[in-house]
Amino acid sequence: MKEAESSPAHPLRVFDVAVRRVAELTPNFRRITFAGADLDSFGVPGASLDLRIKLLLPVPMHPVSRPGLPGGQLYEGWYQDWLRIDPSERGWLRSYTVRALRATAQGRELDIDFVMHSDSAGHGAPGSDWARAAAPGMRAVIIGPDANAITRATLPSETGIRWDPQGARHVLLAGDETAVPAIGAILEALPADVTGMAFVEVPDSRDFQDIRTESDVSVTWLARTTVNAPRGRLLCDTVRRAVSGPSPFQATAAAASTTEMYAWVAAEAGTVKELRQYLVHHLGVDPRRSELRAYWSQGKAGSGSNGIPIQQEARPQQLSPSLSG
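Residues numbered from 1 in each chain as written. Predicted model: local features only at pLDDT ≥ 70, side-chain atom pairs only at ≥ 80, totals over all residues. Heavy atoms only, no water.

Participant: Whenever I open this one, the packing of helix α7 (residues 233-244) against helix α9 (residues 269-283) confuses me. Can you help?
Facilitator: How two helices sit against one another is set out by the angle between their axes and by the gap between those axes. Where α7 meets α9, the axes come as close as 9 Å, and the angle between the chain directions of the two elements is 15 degrees. Here α7 is positioned roughly parallel relative to α9, judged by the angle of their axes. Judged by the sense of rotation from one axis to the other, the crossing of α7 with α9 is right-handed. On α9, the residues that touch Arg 233, Leu 235, Cys 236, Val 239, Arg 240, Val 243 and Ser 244 of α7 are Thr 271, Glu 274, Leu 275, Tyr 278, Leu 279 and Leu 283. (Axes fitted to C-alpha atoms, helices over the stretch in contact; angles between N-to-C directions. Helix = DSSP H or I, 4+ residues; strand = E, 2+ residues; numbered from the N terminus. Parallel < 35°, antiparallel > 145°, perpendicular 65-115°, else oblique. Left-handed = near helix turned anticlockwise from the far one by under 90°. Contact = heavy atoms within 4.5 Å.)

Following this line, the structure appears as structure tokens:
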């Protein structure tokens, strides 16, 4: 057990929250609004942008395996310690983007938009299953930025934010449905002097969402079912056409040179790999000035390109009683 007094302040901590509301945004998106006194110390300076948090999901009939110290503080190496817990008891950690954080008369609220994944048999991943069963009053445990521990020396990446345009005023955003919350939050935070294009691929045209931005970034929604396209194909083809041929984005990028263009891409691992190869090797986008991140991998459970093959991961069939409100 780590001693609190010997642990330096860590920018992340554990927060106890409860579901306040559940809203069906579209056929494939469900918004869950969390609340709780712990959220008084949750957050980062400024806009949340693409801030990602962790949701702890329990194994049925087991309590949540909380990492860190009893008071919720984390420390360097907390994740490795958590992994040492018996896999049949510790549950799962899943990453989600903060869609909104606001103060209300009833306390602070945190919105997380869940993509309701399911296979051909109707079975979802642990995160989707949890979100599908979520109801007001249900308790949950998340890991996110500790506003009381963040200092001027804390890097945004240490808090869960990857957006870093480094002064670029011309941007390209591209993502699939898992990136919709991040793209929405980024666009809402961009100032009026930022130009560019955003491309978002979702399962169905009914999943299109109204995103407001003061920037001069145009938003193009792409629905796979409209043309019966395989996952990622529409996004890759549309981005290639947009940045290789005449377009408002290409004109501004050419005028400033590609070194001043910032690319932010988040989607399934194969899609990100294809877009990275094109943007970096053909267009000349500097990968050090870009964020090209796999949010998930086809056929694998978990975040990024290193998920666990689904057939190797048992899924909870019901919610743990410890999470019912």
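Participant: Please clarify how the side chain of Thr 195 should be interpreted in this entry.
Facilitator: Of note, Thr 195 is situated in strand β8 (residues 195-202). For Thr 195, a relative accessible area of 16% gives the class buried. Within polar-contact distance, the side chain of Thr 195 engages the side chain of His 170 at 2.7 Å. (Buried < 20%, exposed > 50% of the residue type's maximum accessible area, 1.4 Å probe, protein only. Polar contact = N/O pair within 3.5 Å; in protein donor to acceptor, adjacent residues only side chain to side chain.)

Participant: I'm lost on the sheet that holds strand β1 (residues 12-26) in this one. Help?
Facilitator: Strands belonging to one sheet form pairs held by backbone hydrogen bonds; the direction of such a pair is parallel or antiparallel. Taking strand neighbours around the barrel as the criterion, the six strands line up as β1-β2-β5-β4-β3-β6 in a closed arrangement whose pairing is antiparallel. Neighbouring strand axes in the sheet, compared pairwise and without regard to direction, differ in orientation by 45 degrees on average. Pairing of β1 with strand β6 (residues 139-145) involves seven bridges; the strand directions are antiparallel. Of the residues in β6, the one forming a bridge with Ala 18 is Arg 139. Lying over the sheet, helix α3 (residues 126-133) contacts β1, β2 (29-35), β3 (52-57), β4 (92-104), β5 (107-115) and β6, oriented at roughly 70 degrees with respect to β2. The strands that helix α5 (residues 180-189) touches are β2, β4 and β5; relative to β4, the one it contacts most, it runs at about 35 degrees. (Pairing = 2+ DSSP bridges.)

Participant: Explain α9 to me, please; I cannot follow it from the model alone.
Facilitator: Three- or four-residue spacings in an α-helix give side chains the same orientation, since the helix completes a turn every 3.6 residues. With 15 residues, α9 extends 20 Å between its outermost C-alpha atoms, agreeing within 8% with the 21 Å of an ideal straight helix rising 1.5 Å per residue. Buried residues of α9: Ala 269, Thr 271, Val 272, Leu 275, Tyr 278, Leu 279, Val 280 and Leu 283, and no others. Where α9 is buried, its residues contact β7 (170-175), α7, β10 (261-268) and β11 (291-296). Its side-chain oxygen 2.7 Å from the backbone nitrogen of Gly 270, Glu 268 forms the N-cap of α9. (Expected span 1.5 Å × (residues − 1).)

Participant: I tried to follow the side chain of Arg 99 on my own but got confused; where do I start?
Facilitator: Looking at the element boundaries, Arg 99 is found in strand β4. A polar contact is formed between the side chain of Arg 99 and the side chain of Glu 188, at a distance of 2.9 Å. If we skip the residues at most four places from it in the chain, Arg 99 touches Arg 31, Asp 111, Asp 113, Pro 181, Gly 184, Ala 185 and Glu 188.

Participant: What should I look at first to understand the environment of Val 44 in this one?
Facilitator: Looking at the element boundaries, Val 44 is found in the loop between β2 and β3. Under the relative-accessibility criterion, Val 44 is labelled buried at 17%. Considering only alpha carbons, one finds Val 44 and Pro 145, 101 residues apart in sequence, at a separation of 6.5 Å. Leaving out residues up to four positions away in the same chain, Val 44 has contacts with Leu 51, Pro 145, Ile 150, Thr 159 and Ile 161.

Participant: In this structure, what is going on with the packing of aromatic side chains? I would like to understand it.
Facilitator: Ring pairs (aromatic) are described by centroid distance and by the angle formed between their planes. Considering all chains together, one arrives at nine aromatic pairs under this definition. Taking the centre distance of 6.3 Å and the plane angle of 85 degrees together, the rings of Trp 264 and Tyr 295 count as edge-to-face. Here the residue Trp 264 occupies a position in strand β10, and Tyr 295 occupies one in strand β11, the gap between them amounting to 31 residues. A relative accessible area of 1% places Trp 264 in the buried class. Site record: aromatic cluster; members linked through ring pairs are Phe 34, Tyr 96, Phe 114 and Trp 130. Between the NZ or CZ atom of Arg 13 and the centre of the ring of Phe 15, over which it lies, the distance is 5.4 Å. Just above the ring of Tyr 295 sits the side chain of Arg 52; from NZ or CZ to the centre is 3.9 Å. (Phe/Tyr/Trp six-rings, centres within 6.5 Å; stacked < 30°, edge-to-face > 60°. Lys NZ or Arg CZ within 6 Å of the ring centre and 35° of its normal.)

Participant: Would you take a moment to explain the pairing of β5 for this structure?
Facilitator: For a regular strand, the rule is simple: side chains alternate between the two faces of the sheet. Summarising burial for β5: seven of the nine residues are buried, a large majority. When β2 meets β5, the two strands line up antiparallel, connected through seven bridges. Across the sheet, Ile 32 pairs through a bridge with Ile 112, a residue of β5. Pairing of β4 with β5, which is carried by six bridges, proceeds in the antiparallel orientation. Its bridge partner being in β5, Arg 102 is matched across the sheet by Glu 109. Counting the residues that bridge the hairpin from β4 to β5 gives two residues.

Purely spatial values, then, with no claim about function.
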